[in-house]
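Structural features, examined
Each chain, letter by letter, is given below.
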Amino acid sequence: MPSLTAGGPFIRHLRIWHAVAACLVVAAVMAFLVLRPSDGVHSVPNSPCRPTASARDNTPATPDLDGDGFVDLVHEGSRSLKVDVSVVPGSERGPDHDRTNLLTQDELGVPDDIQTGDDSWQPTVADLDEDGHADLIVSGAAQILWGGSKGPQADGPHGRVTLPGSGYHTAPIAGDFDGDGHTDLAVFRDSNEDKKLVVLKGPFQRSGAPARTVEIPSPVHEGATPVLVAGDANDDRATDLALYDSPWDPPLLFTGGARTAGGLSKEPERLPEGENVVFGDFDGDGRQDVAVGRSFVDSYDEVDTPHRRGHISVRYGKEPGKWVTMEGGDFKEGFGSRLAAGDFNGDGCDDLAVQLTKKKETGDARIEVLRGGSEHGLGSKPWRSTKRSVPGDDGPENGTLFAVRDWDGDGRAELALLGGGRWWITDGTNRDEASFPVAPSKDQGS
C-alpha cells in the first residue's frame, strides 16, 4: 500500500532576517540548533513544536485495536491468493511479536472471489458504530471485525460495509469528510464499466450499512486506479481526501466540509506531479502540511529512469499558496518513491521519511529522514540515512517503507520496513529496535 506518498538538498537556504552582524550570528546559531538532525532522544531547543497542539491529533484514529493505549502494527497481505491480516500488539517495548495474531481469510469472512494482489496494505482501523471500540476493516470486500474490550476477534461479531456495485481492490479509508463528527469511509471503485469515488457516511450499523452512500464520478483518467489518503490540509477539522499514483494524472485533493452530498468539494485541486502524497505537521504550528513525492522511477523495471534526481514538493499550512520543492539522492536514484510522516525525536514536529528506490520491483530501497522543526519546517542536510537491503538479522531482505508510528508509546515515532517475510523496526536512524518474522511461529498459534 501504500502506501505510504521526493527532494535532495531539502531547503537550500533559510531566510533569516537580520539587521546587524551580531543578530546574524545569533540567528545562524539558532537555525543550526533547530534544524540539525537529532540523535533521536532530545527535543529541538527552543522549538515552538508542541506535541499536544499537533494537527496529528485530528487525523483518523491510530490502529490501537485492543484499547491498551499502544498502537498496533497491522498488516494485510495475500499468500497463495488468500487474504490474511497479522496484528502485532504494541507495548512499552514496541511491537510485541510474541503476541502476533494471524487472522486468516476464513476467520475474516472474506469471500473466495475477492481480488488479491502482491502488495502489502495497512487495513483500516476506525470506530464505525461509535461504541468506543476500534473496528477492523479489511480487503476489497470491506469485511468488518467489530471491536470489543479485547479488540476484534476471529470468533467475534462480523459485518461487511455495504458497497454499491463491485470492483473494489482495497479497504475503504476512514475520515470525517463532511465534518459532522461521525466517521465516514471513502473508497475507489475500479470497475471497467463504472469507475466511481464512493463516500459512505457514518455512523454505521452492525450490518455494515452506512447512514448514506454518495457516488462521485471518477476524477481520474479512465485507466487509473488511485490510492486514497486522508488528512486535513486547511485546518477546518473536516477530513480532506487526496488521490494519487496515477501515471496519467497529477495527485488530486478534495477539500472536506463542503456543502455537497458527500462533504467533499465539487472539484479537486491539482497538486504538483508526483506518485504519492502524505500529510504531516512539519513546522509544528498545529496545521497539517502536504508533501508530494516524485521519484521519476517507472512502475515497471524495464522502463529506464530519466537522468534526474527525485524531489519532494511541500506546502505548509501557513502558506497555502506556496510550494517548496526539494531534490534528494543521486541521479536516477529514485528519491521520493515512498513517503511517511512521523515525529521521530519527540519535539512535536513531524519528520519526513523518504524512500529511495532505483527500481521499484527489485527492492533496493534505503530511507532518508528529513527532520521537521520550528517555523522553518523540513530542514536542510545532513539527513539521517538508513539502509536495509540485505538478508540477515540486521533487517529484512529488500526492506520497503511500510509505516511510521509510535508503537512503544514514548512520544517518538518508529519506522517499520517490510521485506523478505520480516519486519524491521528502527528509530529513524541506523539504530535497530527490532527485527522479526511477519508470520507467527507455529507454537504461537493463531
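Whatever comes next refers back to the structure up there.
Here's what I pulled together on the structure shown here. Here the residue numbers are simple positions, counted from 1 along each chain's written sequence. Totals for whole chains, interfaces and linings use all residues, but because this is a predicted model, local features are given only for residues with pLDDT of at least 70 and pairs of side-chain atoms are given and counted only at 80 or more. The basis for every side-chain value is the complete set of non-hydrogen atoms in the structure, without hydrogens or water.

**Description of the overall build of the protein chain**
A run of DSSP states H or I qualifies as a helix once it reaches four residues; a run of E qualifies as a strand once it reaches two. Both are numbered from the N-terminal end. Helix and strand counts for the protein chain come out as 2 helices and 27 strands. For every residue, the accessible area (1.4 Å probe, protein chains only) is compared with the maximum for its type, and the residue is labelled buried under 20%, exposed over 50%, or partly exposed between those bounds. Among the 446 residues that make up the protein chain, the fraction classed as buried is 54%. Each accessible area is a Shrake-Rupley result for a 1.4 Å probe, and residues are judged covered by the shown protein chains and nothing else. When the accessible surface of the protein chain is summed, it comes to about 19,300 Å², and 48% of that surface belongs to carbon and sulfur atoms.

**Remarks on the pairing of strand β25 (residues 414–419)**
Within β25, 6 of the 6 residues are buried, leaving the element largely enclosed by the surrounding structure. Side chains E414, A416 and L418 of β25 all project onto a buried face; the interleaved residues L415, L417 and G419 project onto the opposite face, where all are buried too. As paired strands, strand β24 (residues 400–405) and β25 are joined by 5 bridges and run antiparallel to one another. When the bridges of β25 are listed, L401 appears paired with L417. When DSSP finds two or more bridges between a pair of strands, those strands are recorded as paired.

**Quick notes on unusual backbone geometry**
In this structure, the amide linkage connecting G202 to the following residue, P203, adopts the cis form with an omega of 0 degrees. Looking at the element boundaries, P203 is found in the loop between β10 (196–201) and β11 (212–217).

**Description of the environment of P63**
Along the chain, P63 falls in the loop between α1 (21–35) and β1 (73–79). Among all residues touching P63, those that are not within four sequence positions of it are V71, D72, V74, V125 and R405. Any pair of residues with heavy atoms lying within 4.5 Å of one another is described as a contacting pair.

**Quick word on the nonpolar core**
In this structure, F177, L197, L228, L241 and L264 are the most contacted members of the largest nonpolar core, which totals 17 residues. Taken together, the elements giving at least two residues each to this core come down to β9 (184–189), β10, β11, β12 (227–231), β13 (240–244) and β14 (252–254). Judged by nonpolar contacts, the second largest core, of 16 residues, contains L163, Y168, L185 and V187. Only buried residues count toward a nonpolar core. Its members are Ala, Val, Leu, Ile, Met, Phe, Trp, Tyr and Cys residues joined through side-chain atoms within 4.5 Å.

**Some thoughts on the pattern of salt bridges**
Think of a salt bridge as a Lys or Arg side-chain nitrogen and an Asp or Glu carboxyl oxygen that are within 4 Å of each other. A full pass over the atoms with the stated rule returns 19 salt bridges. Here R315 and E269 are joined by a salt bridge, their closest N and O atoms 2.6 Å apart. Note that R315 is positioned in strand β18 (residues 310–315) and E269 in strand β15 (residues 269–270), a separation of 46 residues in sequence. Judged by relative accessible area, which is 8%, R315 ranks as buried.

**Considering the sheet that holds β14**
Strand order in this open sheet of 4 strands is β12-β13-β14-β15, and the pairing throughout is antiparallel. The open sheet has two edge strands with one neighbour each: β12 and β15. Bridge analysis of β13 against β14 gives 3 bridges, and the strand direction is antiparallel. Counterpart to L241 in the pairing with β14 is F254.

**A short note on empty space enclosed by the protein**
Throughout, the protein atoms alone are placed on a 1 Å grid, and a set of points is a cavity if a 1.4 Å probe fits but cannot get out or a pocket if it is open with protein on both sides within 12 Å along at least five of seven lines; lining residues have an atom within 4 Å of a point. Grid points are joined across faces, edges and corners, and a volume is the space filled by probe spheres set on the points. Looking at the largest cavity, its volume works out to about 40 Å³. Lining the largest cavity are V220, P226, L243, Y244, D245, S246, D249, P250, P251 and G274.

**Quick word on the side chain of D129**
The residue D129 is located in the loop between β4 (124–126) and β5 (135–138) in this model. Whenever a nitrogen or oxygen atom comes within 3.5 Å of another N or O atom, the pair is scored as a polar contact, on the condition that within protein one atom can donate a hydrogen and the other can accept it, and that pairs from neighbouring residues in sequence are kept only if both atoms are in side chains. A polar contact is formed between the side chain of D129 and the side chain of R206, at a distance of 2.8 Å. Setting aside its immediate chain neighbours within four residues, D129 contacts D135, W146, F204 and R206.

**Observations concerning the sheet that holds strand β26 (residues 422–426)**
What the 4 strands build is an open sheet, ordered β24-β25-β26-β27; its pairing is antiparallel. Of all the strands in the sheet, just β24 and β27 (432–437) have a single pairing partner and so form its edges. Looking at each pair of strands side by side, their axes are set apart by 20 degrees on average, direction ignored. Sheet topology places β26 next to β27; 5 bridges connect them, and they run antiparallel. Helix axes are fitted to C-alpha atoms over the stretch in contact, other axes to C-alpha atoms as well, and angles between N-to-C directions run from 0 to 180 degrees.

**A word on the packing of aromatic side chains**
The pairing test for Phe, Tyr and Trp rings, Trp by its six-membered ring, is centres within 6.5 Å, and the orientation test on the planes gives stacked under 30 degrees, edge-to-face over 60, and tilted for anything in between. Scanning the entire structure with this criterion turns up 1 aromatic pair. Just above the ring of F331 sits the side chain of R309; from NZ or CZ to the centre is 4.2 Å. In this analysis the charged atom, NZ for Lys or CZ for Arg, is taken to sit over a ring once it is within 6 Å of the ring centre and within 35 degrees of the ring normal. Taking the ring centre of Y316 as reference, the NZ or CZ of K318 above it sits at 6.0 Å.

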